[in-house]
Every structure is written in structure tokens, then in C-alpha cells.
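Examining the three-dimensional arrangement
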Amino acid sequence: MSRKVFSLKDIQLLADYYSRVGTPETWALFQTILSFYTSGQNLNNKEPIDTLEILKALEKSGLAPENQEQSRTWLSSLRKRLNRELFKIISQQGNPSEIIIGADYRFIQMLEN
């Protein structure tokens with residue numbers, strides 16, 4: 001299995017499509033993760049994104065778990081929902097680069113067979 005090549009432009013194209021079809025909660029997570037990326041950044045060397053930083057950013061946008069003690073579990077569940085939606089739009093040609101969110105909250109691509 002090998003990794004496909006993708007760029008920030010591929011992520012931005014996905015964002016354009018996903019902004020129209022994603023649920024408000026998962027779209028907020030997508031935008032939050034995207035905000036940790038900068039133009040010209042080498043995606044292969046992107047450091048994992050701290051879950052506490054993601055939670056803080058989501059809270060600023062008005063999205064937070066009801067129970068703060070379960071915040072990491074809530075965030076993980078939200079990431080899984082987002083990935084299900086990203087998988088779904090692959091078949092609709094809205095995610096041709098097959099980008100998903102990794103366990104470390106970085107944009108990754110599904111592996112080729």
C-alpha cells in the first residue's frame with residue numbers, strides 16, 4: 001500500500017464541496033482542523049494537532065460537549081461522524097482525493113490497494 005499525493009489545494013476543494021453538504025457540527029470540526037494549516041505548508045511534515053487546542057477552538061465557535069469530563073470522547077465521536085460523511089461523499093465525487101481525518105486530527109488520505 002502506498003500513500004497518494006495530496007495538497008492543501010485538494011483540502012480546500014474538499015472544503016468548498018463539504019461546506020454545502022456537511023452537518024453544522026462536523027463542518028465546524030473540519031473548519032477548525034483546516035485552521036491549523038498554513039499556505040505552503042508541507043503536509044507530510046504536519047505535526048499532530050493537540051486535541052485541547054481543537055476543543056478550545058470549537059468552544060470559541062459555540063460548539064462544545066455538554067460534559068467537559070467527556071470532551072475527548074465527544075471529539076473522537078465527532079471525528080468519526082465527520083469521516084463517515086467524508087467517506088460518503090467519495091462515491092458522490094465530492095472527495096476525489098479521498099481525504100479523511102486521522103486519529104491525530106491531521107488530514108490524511110485513505111491508502112491505495
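1. Notes on the overall build of the protein
- Looking only at helices and strands, the protein has 4 helices and 2 strands in total.
- Its C-alpha atoms give the protein a radius of gyration of 14 Å, near enough to 13 Å, the size a compact globule of 113 residues would have.
- Restricting the contact set of the protein to residue pairs at least 6 apart, pairs at least 24 apart contribute 58%.
- Carbon and sulfur atoms provide 48% of the accessible area of the protein, an area that totals close to 6900 Å².

2. A look at the environment of aspartate 104
- Following the sequence through the fold, aspartate 104 ends up in the loop between β1 (99-101) and β2 (107-109).
- Separated by 86 residues in sequence, aspartate 104 and tyrosine 18 have C-alpha atoms that sit 21 Å apart.
- A polar contact is formed between the side chain of aspartate 104 and the side chain of arginine 106, at a distance of 2.7 Å.

3. Side note on the environment of glycine 62
- Checked against the element boundaries, glycine 62 lands in the loop between α3 (51-60) and α4 (71-90).
- As a C-alpha pair, glycine 62 and isoleucine 100 span 38 residues in sequence and 24 Å in three-dimensional space.

4. A few points about helix α2 (residues 24-34)
- The complete set of buried residues in α2 reads Thr26, Trp27, Ala28, Leu29, Phe30, Thr32 and Ile33.
- The inward-facing, buried residues of α2 abut α1 (8-21), α3, α4, β1 and β2.

5. Quick look at the nonpolar core
- Core analysis: the largest hydrophobic core is formed by 28 residues, its most contacted members being Phe30, Ile33, Leu86 and Phe107.
- Within the residue set of this core, elements represented by two or more residues are α1, α2, α3, α4 and β1.
- With residues up to four places along the chain from it excluded, the contact list for phenylalanine 30 reads Ile11, Leu14, Ala15, Tyr18, Leu82, Leu86 and Phe107.

6. Concerning the packing of aromatic side chains
- Going through the model one piece at a time under the given rule, you end up with 5 aromatic pairs.
- Ring centres of tyrosine 18 and tryptophan 27 lie 6.0 Å apart, and the angle between their planes is 55°; this geometry places the pair in the tilted category. Taken individually, tyrosine 18 and tryptophan 27 each receive the classification buried, so the pair is uniform in this respect.
- Considering the side-chain rings of tryptophan 27 and phenylalanine 30, the 5.6 Å spacing of their centres and the 20° angle between planes classify their relative orientation as stacked.

7. As for the packing of α1 against α4
- In the contact formed by α1 and α4, the axes pass within 11 Å of each other and the chain directions differ by 105°. Taken together, the axis directions place α1 and α4 in an arrangement best described as roughly perpendicular. Where α1 abuts α4, its residues Leu14, Tyr17, Tyr18 and Val21 lie against Leu82, Glu85, Leu86 and Ile89.
- Looking at the contact of α1 with α4 residue by residue, the classes come out as 7 nonpolar, no polar and 1 charged.

Cut-offs and rules
- Residues numbered from 1 in each chain as written.
- Predicted model: local features only at pLDDT ≥ 70, side-chain atom pairs only at ≥ 80, totals over all residues.
- Heavy atoms only, no water.
- Helix = DSSP H or I, 4+ residues; strand = E, 2+ residues; numbered from the N terminus.
- Rg over C-alpha atoms; globule rule 2.2 N^0.38 Å.
- Contact = heavy atoms within 4.5 Å.
- Areas by Shrake-Rupley, 256 points an atom, 1.4 Å probe, with all protein chains shown as cover.
- Polar contact = N/O pair within 3.5 Å; in protein donor to acceptor, adjacent residues only side chain to side chain.
- Buried < 20%, exposed > 50% of the residue type's maximum accessible area, 1.4 Å probe, protein only.
- Core = buried A, V, L, I, M, F, W, Y, C linked by side-chain atoms within 4.5 Å.
- Phe/Tyr/Trp six-rings, centres within 6.5 Å; stacked < 30°, edge-to-face > 60°.
- Axes fitted to C-alpha atoms, helices over the stretch in contact; angles between N-to-C directions.
- Parallel < 35°, antiparallel > 145°, perpendicular 65-115°, else oblique.
- Nonpolar A, V, L, I, M, F, W, Y, C, P; charged D, E, K, R; others polar.

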